[in-house]
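Listed below, chain by chain, are the residues.
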Amino acid sequence: AIVPGLGQAYNKKYWKIPIVYAGLGGFGYMFLTNNKQYNLYRTNVRAYYDEDSTTIPSLTNFSGDQLQTQKLYYRKFRDFAVIGFSIVYLINIG
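Since this is a predicted model, take the numbers as computed values, not measurements. Along each chain, residue indices are assigned from 1 in the same order as the chain's sequence is written. Predicted model: local features are reported for residues with pLDDT of at least 70 only, side-chain atom pairs are reported and counted for 80 or more only, and whole-chain, interface and lining totals are derived from all residues. The side-chain numbers reported here are obtained from all heavy atoms of the structure, hydrogens and water having been left aside.

A. Here's a closer look at a nonpolar patch on the surface. Taken together, the side chains of Ile2, Val3, Leu6 and Tyr21 present a nonpolar region at the surface, about 450 Å² in accessible area. For every residue, the accessible area (1.4 Å probe, protein chains only) is compared with the maximum for its type, and the residue is labelled buried under 20%, exposed over 50%, or partly exposed between those bounds. On the accessibility criterion, Leu6 (53% relative accessible area) is exposed. What goes into a patch is any residue over 30% in relative accessible area without a salt bridge, connected to like charges within 9 Å or, for nonpolar side chains (Val, Leu, Ile, Met, Phe, Trp, Tyr), within 5 Å. Per-residue and other accessible areas were derived by the Shrake-Rupley procedure at a 1.4 Å probe size, with only the shown protein chains allowed to occlude residues. We define a salt bridge as a contact between a side-chain nitrogen of Lys or Arg and a carboxyl oxygen of Asp or Glu at a distance within 4 Å.

B. Summary view of the environment of Ile87. Helix and strand assignments follow DSSP, with helices taken as H or I runs no shorter than four residues and strands as E runs no shorter than two, numbered in order from the N terminus. Inspection of the secondary structure puts Ile87 in helix α3 (residues 64–93). Overall, the relative accessible area of 45% leaves Ile87 in the partly exposed class. Along the chain, Ile87 and Gly23 lie 64 residues apart, while their C-alpha atoms are 9.6 Å from each other.

C. Main features of helix α2 (residues 16–49). By this rule the span expected of a helix is its residue count minus one, scaled by 1.5 Å. End to end, α2 covers 49 Å across 34 residues, agreeing with the expected 50 Å (1.5 Å per residue, within 8%). Among the residues making up α2, those that are buried are Val20, Gly23, Leu24, Asn34, Tyr38, Tyr41, Asn44, Val45 and Ala47. By definition in these notes, contact holds between two residues if any of their heavy atoms fall within 4.5 Å. The inward-facing, buried residues of α2 contact α1 (6–10) and α3.

D. Representation of the side chain of Asn92 within the structure. As for its placement among the helices and strands, Asn92 is situated in helix α3. With relative accessibility at 11%, the residue Asn92 sits in the buried group. Among all residues touching Asn92, those that are not within four sequence positions of it are Pro4, Gly5, Gln8 and Val20.

E. Spatial organisation of α3. Here α3 is 30 residues long and its end C-alpha atoms lie 44 Å apart, about the 44 Å a rise of 1.5 Å per residue gives. Contacts from the buried residues of α3 go to α1 and α2.

F. The pattern of salt bridges, seen in detail. One pass over the full model with this rule turns up one salt bridge. Linking Arg78 and Asp79 is a salt bridge whose minimum nitrogen-to-oxygen distance equals 3.3 Å. For Asp79, a relative accessible area of 33% gives the class partly exposed.

Right, here's the structure in full:
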């Protein structure tokens, strides 16, 4: 259960191993890219709404509501990536 694909190799079903790693890699990449964007927009939302005039959002062409919408968009797909990764991993175990 710790090493994905090891059970498929043990059962001599080698064709399943690339599918498992492609699923895990795809969802892992999806998580990393969406998490990076989420953190970017989260930082900009905080900078936009704080009361400190010295903090300036790096994405100045967005309003506060647009920044919040983008932040929620990337959080949603980041969470989907975690769910997808978990499902692929659990199917691999089963």
